[in-house]
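A structural walkthrough
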Amino acid sequence: MDPATIQAIAISHLHGDHFGGIPYLLMEQYFAGRTAPLAIGGPRELQQRLARAGDALYPDFFRKTALDYPVSFVTLGETPVMLGAAEVSAHPVTHVAESDPHGLRVKVEGKLIAYSGDARWSDELVTVAQGADLFICESTSFAKPDPAHLSYKELIANRAKLDCRRIILTHLGQEALAHVAEMELEPAQDGMLVTL
Ligand SMILES: [Zn+2]
Ligand SMILES: [Zn+2]
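Quick look at the structure, then. (Residues numbered from 1 in each chain as written. Chains lettered and ligands numbered in written order. Predicted model: local features only at pLDDT ≥ 70, side-chain atom pairs only at ≥ 80, totals over all residues. Heavy atoms only, no water.)

Protein-derived ligands of the zinc ion (ligand 1) are D17 (OD), H18 (NE2), D118 (OD) and H171 (NE2), with the metal-ligand distances lying across 2.0 to 2.2 Å. In this structure, the zinc ion (ligand 1) is surrounded by four donor atoms whose angles at the metal cover 91 to 163°, and the resulting shape is irregular. Spacing between the donor residues of the zinc ion (ligand 1) along their common chain follows D-H-x99-D-x52-H. Separating the zinc ion (ligand 1) from the zinc ion (ligand 2) is a gap of 3.6 Å, which D118 spans by donating to each of them. Here the residue D17 occupies a position in helix α1 (residues 16–19), and D118 occupies one in the loop between β7 (111–115) and α5 (124–129), the gap between them amounting to 101 residues. For D118, a relative accessible area of 2% corresponds to the buried category. (Donors = N, O, S within 2.8 Å, 3.2 Å for Na, K, Ca; no water. Tetrahedral: all angles 85-135°; square planar, octahedral: opposite > 155°, others 65-115°. Helix = DSSP H or I, 4+ residues; strand = E, 2+ residues; numbered from the N terminus. Buried < 20%, exposed > 50% of the residue type's maximum accessible area, 1.4 Å probe, protein only.)

By secondary structure assignment, the location of A97 is in the loop between β5 (86–92) and β6 (102–108). Since its relative accessible area comes to 63%, A97 is described here as exposed.

Helix α3 (residues 46–57) packs onto helix α2 (residues 22–31) with a crossing angle of 70° between their chain directions and a minimal axis gap of 9 Å. Comparing the axis directions of α2 and α3 gives the class roughly perpendicular. For the pair formed by α2 and α3, the contact residues are I22, P23 and Y24 on the first element and L50, A53, G54 and L57 on the second. Looking at the contact of α2 with α3 residue by residue, the classes come out as six nonpolar, one polar and no charged. (Axes fitted to C-alpha atoms, helices over the stretch in contact; angles between N-to-C directions. Parallel < 35°, antiparallel > 145°, perpendicular 65-115°, else oblique. Contact = heavy atoms within 4.5 Å. Nonpolar A, V, L, I, M, F, W, Y, C, P; charged D, E, K, R; others polar.)

As structure tokens, then:
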């Protein structure tokens, strides 16, 4: 997608594969001449971690350059807040505790999109997915147990508890990708566009 069309970013937890692209986006939009505001929501320490990431990646840019478009930060929690045009809330899930893991619920144009973030199975995911038009759920492995992540088999075993219209799988690791043909739930693809 065209980065200029991004109004808001919601981050589930502080692992690099989930927020590490933001410094590049901030730089790219600076050089693209962005003037529109960008809202970023996520865990408590997101702003500090992003500052540290930017400093590690491009100190020459981030120490000297004032972005000439407004970037705002908000800590996401269970009380919904407006982030760009979306109403977003974050709910604790079970993953690596230091990453401050949350599942997200994003309401936009009358639709509710839920996202597991990274999470092992717990009934917290039932709360995250409650009433969602689309639940984007991690499925790091197919059958292999993982203390920090969900397997496809565990997700299927708990599918009936999830009150959501549609599930798209994401965060698939090698073992999961090797079993995609056996899955009844649809896996995400790079560049996939979903219409709700
Ligand atoms: Zn991850
Ligand atoms: Zn993670």
